[in-house]
Amino acid sequence: MTARLRPPAAQWTTLVPVFAVVLLVLTWGRDLPGWIVVVVTLVLAGAVLAAVHHAEVVAHRVGEPFGSLVLAVAVTVIEVALIVTLMLDGGDKSATLARDTVFAAVMITCNGILGLSLLVGSLRHRTAVFNSEGTGAALATVATLATLSLVLPTFTTSKPGPEFSTVQLTFAAVSSLSLYGLFVATQTVRHRDYFLPISKPGGTGAAEEEHAPAPSTRTALISLVLLGLALVGVVGLAKGVSPTIESGVEGAGLPQSVVGVIIALLVLLPETIAAVRAARRNQVQTSMNLALGSAMASIGLTIPAVALASLWLPGPLVLGLGNTHMVLLALTVVVSALTVVPGRATPLQGGVHLVLFAAFLELAVNP
C-alpha cells in the first residue's frame, strides 16, 4: 500500500460516505429533478473514490488476500440486496434482472477489470506477473459457477423456457454457496500463499510492500465502517438515478438490459479503481484477486439470494443465457485460461480481454 494512507479523520473521505448516506435517505423513493440527479451523480463519484481509499486502508492493515476479499464481498452483498429489491418492485419485467446483472458482472470483472489491470501492469512494468496456481483456481471456480447457474437453465427440460425447476434451483443455490465458501477457505487459510503478489516472473515470494507503516486497529475499524457507508451510498444512489438512466435508455431505443449493465458498471467502479491502482504498484495478483473474486462473489451470493427470493416473487425467474451471451462466456473462459496458465502477461493479453469487453458492450447496445 502507498505511504499516502493517512487516518480517515483528517480527510474528505470521512465526510463523503456520511453525506452520501444522508443524501440517499433524503432522495430514496422520490422522483428527482435534473439538478438533483447531477448532485447525486457527483456524490456517487465521490463515494466511489472514498470506498477505494478505505478499502486500501483495511487491506493494508489485514494484508492480502484478505484486503481484496473485504472489498469484493462488501460490494457484492450490497449489490445482491439491490437486485432483490429491484426484483420485488419490478414485476414481470424483472424476470431476467438477476441473470442480466450477474452476467454483466462476470463480463465486467473477467474482461474489463482483468484486461485493464493486465494492460496497465504490463505497460508500466513490461510484464504483468501473477500466481498461476491461485488465479487458475479462481478462474475454474468462476467458470463452474457461471455454467451451472447461467448456462444449464437454457438446456434443462423440467420447466419450459430457460428456467430451473425448484429442485434444480435449490441445487444451483447450494452448489454456489458451497463452492464460494470452499474457495474463500482455500484463499485465506489453507493455500493463502497462492494468492499473494509475486515479485518477478517465475518467482514464488511475495512482492515487497511499499514502506509505509500499517494503520492502527482503530483506524482500520473506522475505515471499515466508512467503507460500508460508502458502498451503501454507491449502490443506493445508483438505484436513485436508475429511473433517469432507464428514461434515457428508453428514449434512445436501447434494450432494457442496458440499464443493468450501466448499474453494474457503477457498482463495480470501486473495485475497478482499486485493481488498476494495484496493477500500477506491480501487484497484479491483487488485481486478479479483485477481478475474479468479485465475479465469483457475484454469482455465489446472488444465485442463492434470488433463489430464496423466488419463494415470494410473483413472476418467473429466468436465469438461462441466450446463444450470443453463451458464446461470449465460453470465449471469455477459454481466453482467460490461456492468459492465466503462463503466470505472466503482456499488453497483448490485456488488449484481448478489453476487446471481449467491448464486444459485450456493443452487443448489449445492439443485440
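Values in this document were obtained by computation on a predicted structure and should not be read as measured data.

What follows covers the overall build of the protein. The helix and strand inventory of the protein stands at twelve helices and two strands. Traced from its N-terminal end to its C-terminal end, the protein shows the element sequence α-α-α-α-β-α-α-α-α-α-α-α-β-α. For the protein, with 367 residues in total, the buried portion stands at 53%. Restricting to contacts in the protein with at least 6 residues of sequence separation, those with at least 24 account for 84%.

As a further point, take a nonpolar patch on the surface. There is a patch of nonpolar side chains on the surface, built from V18, V22 and L26 and spanning about 250 Å² of accessible area. Along the chain, L26 falls in helix α1 (residues 12-27).

All told, the structure shown has two salt bridges when counted by the stated rule. A salt bridge links R99 to D100, with the shortest nitrogen-to-oxygen separation between them at 3.2 Å. Here R99 matches D100 in class, with each residue buried. For E163, the salt bridge goes to K159, with nearest N and O atoms at 3.3 Å. The buried category is assigned to E163, whose relative accessible area is 14%.

Positionally, P347 belongs in helix α12 (residues 347-365). Look at P347 and you get partly exposed, because its relative accessible area is 30%. Among all residues touching P347, those that are not within four sequence positions of it are L119, S122, L123 and R126.

Any aromatic ring pair is given by two values, namely how distant the centres are and how the planes are angled relative to each other. Scanning the model with the defined rule gives three aromatic pairs in all. Chaining the aromatic ring pairs together yields one cluster made of F103, F357 and F360.

Attention shifts here to the confidence of the model for the protein. Of the residues in the protein, 88% reach a pLDDT of 70 or more, and the chain-wide mean stands at 82. Confidence, expressed as mean pLDDT per element, reaches its minimum in the protein at helix α3 (residues 66-90) with 69 and its maximum at helix α11 (residues 323-340) with 95. Across residues 1-10, where pLDDT falls below 50, the model places 26 contacts with residues more than four positions away in sequence or in other chains. Counting interchain partners and residues more than four positions distant, the pLDDT-below-50 stretch residues 201-211 has 20 contacts.

Each value, and the rule that gives it
- Residues numbered from 1 in each chain as written.
- Predicted model: local features only at pLDDT ≥ 70, side-chain atom pairs only at ≥ 80, totals over all residues.
- Heavy atoms only, no water.
- Helix = DSSP H or I, 4+ residues; strand = E, 2+ residues; numbered from the N terminus.
- Buried < 20%, exposed > 50% of the residue type's maximum accessible area, 1.4 Å probe, protein only.
- Contact = heavy atoms within 4.5 Å.
- Patch = residues over 30% accessible without salt bridge, like charges linked within 9 Å, V, L, I, M, F, W, Y side chains within 5 Å.
- Areas by Shrake-Rupley, 256 points an atom, 1.4 Å probe, with all protein chains shown as cover.
- Salt bridge = Lys/Arg side-chain N within 4 Å of Asp/Glu carboxyl O.
- Phe/Tyr/Trp six-rings, centres within 6.5 Å; stacked < 30°, edge-to-face > 60°.
- pLDDT = per-residue confidence, 0-100.

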